[in-house]
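The primary structure of each chain is shown beneath.
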Amino acid sequence: MGHKEDADYRAWLESLTGKRSCKECSEAELASLVTTLRACNALENPRLKGVKGGIGQGDRPTEPQWRLANELCRQLDMTGCDDARFAAFAKRNAKVDHPRFLTKESMRLLIAALIAWKNNLKAKKTQSTSDSEGKSS
């Protein structure tokens, strides 16, 4: 790493943690850095890679499908497609023993189910907000 790259890295690290070296960071700060790097696709999630199974083999889900499912999982307060709750959701909704056995079509249906879950939670939150506003009037 050259001097400029090192300076850029340390400035970036300091902007996120207030520290100029990873050695000074707590485990929570390091975990947050990993999450940030994964969110901007600068770091691959090895657990998610294991979930995906055979990429590009016939009827396997596409990368865009995995990215969308992963983002929907995060919006539903999961860590992503590597979360045990996603595996249980896939088992219940797509009738597969593990997400690595998903097909393009079963992933499409699973994404639709994740979107419906998200919209249902949003509707419940909106309803709850309007109910509490109605009571205070």
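The rules we used
Residues numbered from 1 in each chain as written. Predicted model: local features only at pLDDT ≥ 70, side-chain atom pairs only at ≥ 80, totals over all residues. Heavy atoms only, no water. Phe/Tyr/Trp six-rings, centres within 6.5 Å; stacked < 30°, edge-to-face > 60°. Helix = DSSP H or I, 4+ residues; strand = E, 2+ residues; numbered from the N terminus. Buried < 20%, exposed > 50% of the residue type's maximum accessible area, 1.4 Å probe, protein only. Arc of directions from axis to C-beta. Polar contact = N/O pair within 3.5 Å; in protein donor to acceptor, adjacent residues only side chain to side chain.

Draft legend 1. Focus on the packing of aromatic side chains. As enumerated under the stated definition, the model contains one aromatic pair in all. Relative to Trp-117, the ring of Phe-89 has its centre 5.1 Å away and its plane inclined at 25°; by these criteria the two rings are stacked. Linking Phe-89 in helix 5 (residues 84-94) with Trp-117 in helix 6 (residues 104-136), this pair joins segments that are 28 residues apart in sequence.

Draft legend 2. Focus on helix 5. Of the positions making up helix 5, those classed as buried are Phe-86, Phe-89, Ala-90 and Ala-94. Buried residues in helix 5, looked at end-on, bunch into an arc of 100°, giving them a common side. Structural note: helix 5 exposes Ala-84 and Arg-92 on the side pointing more than 90 degrees away from its buried face. Measuring from the backbone nitrogen of Arg-85 back to the side-chain oxygen at the start of helix 5 gives 2.8 Å, which picks out Asp-83 as the cap. Positive phi shows up at Lys-95, right after helix 5, with a value of about 60°.

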